[in-house]
Amino acid sequence: MKQINAFAYFDHQAWSKPRRWLAACLTTLLLIGSVPASASAQNTQLLDQIIAVVNDEIILQSELAQRVAQARQDLRRQNIAMPSQRELVEKVLDRMILQRLQMQRVQQLGLQVGDQAVLEQMQQIARQNNVTLAQLRDNLNRQQPQGFAQFRERIREQMLFQKLQETEVLARTQVTENEIERYLQRQALIDTAYEYRLRHLLISLPEAPTTEERDQARQEIEQLRQSILQGQSFESVAASSSDGQNALEGGDLGWLTQDQIPTFFTAVATQLQSGEVSDIIRSPVGYHLIKLEDKRRTDDQALVDQYRLHRFLILSDDAAKQSKPPQSLVEVAQGIGSLADFETLKGDYPDMPASVNANSDMGWLTLDELSVTHARLVEQLSPGEAARPYATQEGWEILYLDQTRQTDPNAQDQRQQAIETLRRQKANESFDVWLRRLKDQAIIDIRLDKLRAEGAGT
């Protein structure tokens, strides 16, 4: 089993498709080794030092020191040259500030992720690593006291950040008919059956930069590009100099399909050769360099199974506390033999608010698109059958399988795919701007220089 670190960092930038985005975050967790417990113990004496204030929340020097130790170990694992201590501390602190700001916004909006959803993600992680959930728990707890509990809360945090990004950015992103038509025309002319492993370096600009600021940023990224071309590794330059959210991963964006790459460097990325570094790319947030690490074909023409599913929720405050569903509900599920039977549930439970089951038709889905719980239930069903009721945080849910079919994933509704892809690409580009504005609107007091002057800085 791979060693799993509950305290790894996440890249909040690459979130192109919800499931793929979260999977990428979880993979990052799985690859990073644990931080020695002594790192925390060595800094307990610093608990009274405040390193930063983010609106009305504080960041302690002991928290920062532990995160810096984690980042340093991660860089060593990736064989990335270490930035200077000052650069590393400043990058880690900036990431912590952005995390605090996002969580504050999550709380303002009242966004929540239920325990059931978090549990399903934990089960998926365990399954991907060929271990049971109990083995995953034991592995994390051996690495650090309460490691499993902290890991679970980091998963919850990432799911909340995903919800936040979808609420604040994706939901407000629209595409025009002309954009859709142009996209479909481009797709008909190019080979999209590739995934690209990219690294990214950003020199950011303020929202309304002066000519001097633009020139200075341009000069800086030109110097960085020359350093890379003269033999310095891209990942080391990114770790020390990039303003991107994934700088401390050496700028690694992971494997992306073409529709997941931000549009302002899609054309460049797809034309690079493996190992090649791009020319300088300008965007609304600054100047970029990208490097193509590798690319691979993904055009598997095999048909995939899809399932037409419906679900019905019966609200109950204590469902999650019960070991099995009431026998009356079991008998109700066993009596469902058709979609018409399933539809009668709304009449059988008139006290359920209409909004609870307003979207009971889940549409056509593959097993990969389902939660772990739903996938396990579907695998046991034949068309025209309902699963045994199972408990959620909200109550008892009955899942019904109406039909199955096999389909070519590349031949699905191209127009709808185009709309989704374009919205996510545009949202990807907008997210950095949104995050920068969130930071600009906050009251942030960073006390690094003061503590350094006093000889107590990290």
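What you are looking at is a predicted structure, and each value in this text was computed from that prediction instead of being measured.

1. A word on the packing of helix α6 (residues 133-143) against helix α7 (residues 147-168)
Relative placement of two packed helices is described by the angle separating their axes and the distance separating the axes. Where α6 meets α7, the axes come as close as 7 Å, and the angle between the chain directions of the two elements is 110°. Our classification of the angle between α6 and α7 gives roughly perpendicular. Of the residues in α7, those in contact with Leu133, Leu136, Arg137, Leu140 and Asn141 of α6 are Gly147, Phe148 and Phe151. For the contact of α6 with α7, the residue count by class is 5 nonpolar, 2 polar and 1 charged.

2. Things to note about unusual backbone geometry
Here Asn55, not a glycine, exhibits a phi torsion of approximately 55°, which is positive. You can see Asn55 is positioned in the loop between β1 (50-54) and β2 (57-60). Phi at Asn130 is positive, roughly 55°, even though this residue is not glycine. The residue Asn130 is located in the loop between α5 (115-128) and α6 in this model.

3. Re the sheet that holds strand β12 (residues 444-446)
Within the open sheet, the 3 strands sit side by side as β2-β1-β12. Their pairing is antiparallel. Every interior strand has two partners, whereas the edge strands, β2 and β12, have only one. Put simply, the sheet's adjacent strands are angled 20° from each other on average, direction ignored. As paired strands, β1 and β2 are joined by 4 bridges and run antiparallel to one another.

4. Considerations on the packing of aromatic side chains
Within this structure, the stated rule accounts for 5 aromatic pairs. Ring centres 5.1 Å apart and planes at 80° place the aromatic pair Phe264 and Phe265 in the edge-to-face group. Phe264 sits in the partly exposed class, given a relative accessible area of 24%. Judged by relative accessible area, Phe265 falls into the buried class, the value being 2%. Taking NZ or CZ as reference, Arg296 lies 3.9 Å from the ring centre of Trp255, over its face. In this structure, Arg297 packs its charged tip against the face of Tyr194, placed 4.8 Å from the ring centre.

5. Quick word on the pairing of strand β4 (residues 252-257)
For β4, the buried fraction is high: 5 of the 6 residues fall into the buried class. Bridging between strand β3 (residues 194-204) and β4 involves 5 bridges; their strand directions are antiparallel. Paired with Glu195 across the bridge in β4 is Thr257.

6. Topic: the environment of Asp432
Structurally, Asp432 can be placed in helix α16 (residues 414-440). When the C-alpha positions of Asp432 and Gly244 are compared, they lie 9.1 Å apart, and in sequence the two are 188 residues distant.

7. A short note on the pattern of salt bridges
Proximity of charged atoms lets side chains of opposite charge pair with each other. Applying the stated criterion across every chain, the model contains 26 salt bridges. Measuring nitrogen to oxygen at the nearest pair gives 4.0 Å for the salt bridge that ties Arg199 to Glu235. Taken together, the residues Arg199 in strand β3 and Glu235 in helix α10 (residues 234-241) connect sequence positions 36 residues apart. Across the pair Arg225 and Asp279 runs a salt bridge whose closest N-O atoms are separated by 3.0 Å. With a gap of 54 residues between them, Arg225 in helix α9 (residues 211-229) and Asp279 in the loop between α11 (266-271) and β5 (281-283) connect regions that are remote in the sequence. On the basis of relative accessible area, Arg225 is assigned to the buried category, the value being 16%. Taking relative accessible area as the criterion, Asp279 reaches 56% and is therefore assigned exposed.

8. Notes on the sheet that holds β4
In space, the 4 strands of this open sheet follow the order β4-β3-β6-β5, with antiparallel pairing throughout. The outermost strands of the open sheet, each flanked by one partner alone, are β4 and β5. Neighbour-to-neighbour, the strand axes of this sheet turn through a mean angle of 40°, independent of strand direction. Sheet contacts for α9: β3, β5 and β6 (286-297); angle to β6, the most-contacted strand, approximately 35°. The strands touched by α10 within the sheet are β3 and β6, with β3 carrying the most contacts at an inclination of about 40°.

9. Notes on the nonpolar core
One finds Ile59, Leu64, Val92, Leu93 and Leu136 to be the most contacted residues of the largest nonpolar core, which totals 46 residues. Counting residues per element, the ones that place at least two in this core are β1, α3 (61-77), α4 (85-109), α5, α6, α7 and α16. Top element by residues in this core is α4. It accounts for 10 residues. In this view, Leu93 contacts Ile51, Ala52, Ile59, Leu64, Ile446 and Leu448; residues no more than four positions away in its chain are not counted.

10. Brief notes about the side chain of Arg199
For Arg199, a relative accessible area of 12% puts it in the buried group. Of the polar contacts made by the side chain of Arg199, one reaches the backbone oxygen of Glu249; its length is 3.3 Å. Not counting residues within four places of it along the chain, the set of residues in contact with Arg199 comprises Phe234, Glu235, Glu249, Gly250, Gly251, Asp252, Leu253, Leu289, Ile290, Lys291 and Glu293.

Conventions we followed
- Residues numbered from 1 in each chain as written.
- Predicted model: local features only at pLDDT ≥ 70, side-chain atom pairs only at ≥ 80, totals over all residues.
- Heavy atoms only, no water.
- Axes fitted to C-alpha atoms, helices over the stretch in contact; angles between N-to-C directions.
- Helix = DSSP H or I, 4+ residues; strand = E, 2+ residues; numbered from the N terminus.
- Parallel < 35°, antiparallel > 145°, perpendicular 65-115°, else oblique.
- Contact = heavy atoms within 4.5 Å.
- Nonpolar A, V, L, I, M, F, W, Y, C, P; charged D, E, K, R; others polar.
- Pairing = 2+ DSSP bridges.
- Phe/Tyr/Trp six-rings, centres within 6.5 Å; stacked < 30°, edge-to-face > 60°.
- Buried < 20%, exposed > 50% of the residue type's maximum accessible area, 1.4 Å probe, protein only.
- Lys NZ or Arg CZ within 6 Å of the ring centre and 35° of its normal.
- Salt bridge = Lys/Arg side-chain N within 4 Å of Asp/Glu carboxyl O.
- Core = buried A, V, L, I, M, F, W, Y, C linked by side-chain atoms within 4.5 Å.
- Polar contact = N/O pair within 3.5 Å; in protein donor to acceptor, adjacent residues only side chain to side chain.

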